[in-house]
Amino acid sequence: MRQLAPTYAADVDLVTAYAHPPGLARPWVRANMVSSADGSAVLNGRAEGLSSPPDQHVFRLLRGLADAVLVGAGTARIEGYRALEAKPEYAELRASLGQRPAPVLVVVSRRLVLDPDSKLFHGGAQRTVVVTVSDADPGRRAALESVADVIIAGEQSVDVTAALASLAERGLLRVLCEGGPHLLAGVTAAGHLDELCLTISPQLVGGDARRILAGAPVDVPLALGHLLEADGVLLARYVRARGQPSPAP
Ligand SMILES: NC(=O)c1ccc[n+]([C@@H]2O[C@H](COP(=O)([O-])OP(=O)(O)OC[C@H]3O[C@@H](n4cnc5c(N)ncnc54)[C@H](OP(=O)(O)O)[C@@H]3O)[C@@H](O)[C@H]2O)c1
């Protein structure tokens with residue numbers, strides 16, 4: 001993988017390139033998304049169709065660096081998410097950073113249409129966390145409480161600020177948001193997006209497929225942190241532009 005910006009480098013140390021700011025005192029929310037060259041977030045209804053070996057490599061690394069992987073229930077259902085296992089290749093790095101062996105999977109859902117017997121809740125290194133609302137169905141909530149830690153944040157829609165504060169109380173500051181577009185729009189609208197890692201896949205999709213943010217319009221300027229390239233796949237790391245501070249949860 002080579003770096004095209006901010007300077008050219010024929011090879012790049014990805015752990016350094018994607019390192020979090022040191023000494024975090026508040027949640028740092030990094031999103032990781034993939035898009036086609038014409039801006040689609042899906043191919044045949046899934047993000048997986050846009051992925052590639054370079055994207056998968058960075059995808060795994062970003063999980064390896066995270067305390068928590070935050071995902072919307074829509075994506076968890078469609079992409080077949082599972083509770084997260086510890087990966088031996090990141091064990092030493094995580095230990096050196098004082099992190100648990102694996103990130104915690106955090107699923108955001110209002111309706112709680114999630115199967116308690118599914119792999120979302122079994123086989124991971126840690127209990128999955130479900131973030132939901134006080135209006136959620138009590139029966140579904142009780143069923144999920146037997147297999148997951150359930151956090152209530154908000155009444156009808158998950159309050160991202162409250163959710164991040166609850167994760168921070170659990171020591172989960174390096175938050176990796178893997179979408180989908182509705183959740184990412186909510187995180188961004190609430191002012192909590194610090195960083196966007198965006199893979200641009202060299203393909204056209206056309207149609208009217210959704211983009212990486214869905215929902216109400218936002219206006220968030222970004223600055224390019226770096227741009228990497230491998231096999232024609234572009235991997236950009238954007239950070240929130242100056243003057244756009246993230247509110248403390
Ligand atoms: N290109 C990419 O990088 C990428 C990444 C991820 C996903 N995707 C694609 O995006 C599509 C899914 O899109 P999506 O926007 O529906 O996904 P999503 O944001 O993962 O899921 C939406 C669902 O998440 C829950 N949710 C999100 N924000 C919430 C909030 N503030 N409060 C309460 N619940 C909240 C709700 O779940 P309940 O319905 O359970 O209440 C909502 O229906 C899939 O086709 C997937 O493949 C693409």
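Conventions we followed
- Residues numbered from 1 in each chain as written.
- Predicted model: local features only at pLDDT ≥ 70, side-chain atom pairs only at ≥ 80, totals over all residues.
- Heavy atoms only, no water.
- Helix = DSSP H or I, 4+ residues; strand = E, 2+ residues; numbered from the N terminus.
- Rg over C-alpha atoms; globule rule 2.2 N^0.38 Å.
- Buried < 20%, exposed > 50% of the residue type's maximum accessible area, 1.4 Å probe, protein only.
- Contact = heavy atoms within 4.5 Å.
- Lys, Arg positive; Asp, Glu negative; His and termini not counted.
- Charge placed at Lys NZ, Arg CZ, Asp CG, Glu CD.
- Salt bridge = Lys/Arg side-chain N within 4 Å of Asp/Glu carboxyl O.
- Near = heavy atom within 4 Å.
- Polar contact = N/O pair within 3.5 Å; in protein donor to acceptor, adjacent residues only side chain to side chain.
- Areas by Shrake-Rupley, 256 points an atom, 1.4 Å probe, with all protein chains shown as cover.

Here the focus is the overall build of the protein. Along the backbone of the protein there are 7 helices and 10 strands. What you see for the protein is a C-alpha radius of gyration of 17 Å, in line with the 18 Å of a compact globule of 249 residues. A principal-axis box enclosing the C-alpha atoms of the protein has dimensions of 55 × 45 × 35 Å. Across the 249 residues that make up the protein, the buried fraction comes to 46%. When contacts within the protein are restricted to residue pairs at least 6 apart in sequence, those whose partners lie at least 24 apart make up 69%. One finds the centroid of the 24 positive side-chain charges in the protein at a distance of 2 Å from the centroid of its 26 negative side-chain charges.

Applying the stated criterion across every chain yields a total of 11 salt bridges. Between glutamate 48 and arginine 46 there is a salt bridge, with the nearest N and O atoms lying 3.1 Å from each other. In this structure arginine 46 comes out as partly exposed when scored by relative accessible area, which is 29%. In this structure, the salt-bridge partner of glutamate 195 is arginine 237, at a minimum N-O distance of 2.8 Å. Residue glutamate 195 is located in strand S8 (residues 195-201), and its partner arginine 237 is located in strand S10 (residues 233-240); the two are separated by 42 residues in the primary sequence. Here the two residues glutamate 195 and arginine 237 agree in accessibility, since each one is buried. Salt bridges here are not isolated pairs; linked through shared partners, they connect Arg30, Glu195 and Arg237.

Moving on, we get to the site of the ligand. Taken together, 27 residues are adjacent to the ligand, and Val34, Ala41, Glu79, Ser109 and His182 come closest. Contacts to the ligand include threonine 75, whose side-chain N or O atom sits 2.7 Å from an oxygen atom. Taking histidine 182, its side chain carries an N or O atom lying 2.7 Å from an oxygen atom of the ligand. A total of 910 Å² of accessible area belongs to the ligand in isolation, and the protein chains cover 87% of it. Breaking the shell around the ligand down by element, the ones donating at least two residues are strand S2 (28-36), helix H3 (73-78) and helix H7 (181-189). Sort the elements by how many residues they give to the shell around the ligand and H3 lands first, with 5 residues.

Along the chain, the position of arginine 240 falls in strand S10. One buried charged residue, arginine 240, forms no salt bridge at all, with the nearest opposite charge on aspartate 194 at 4.1 Å. A distance of 2.8 Å separates a polar atom in the side chain of arginine 240 from the backbone oxygen of glycine 191. Of note is the side chain of arginine 240, whose polar atom sits 2.5 Å from the backbone oxygen of leucine 193.

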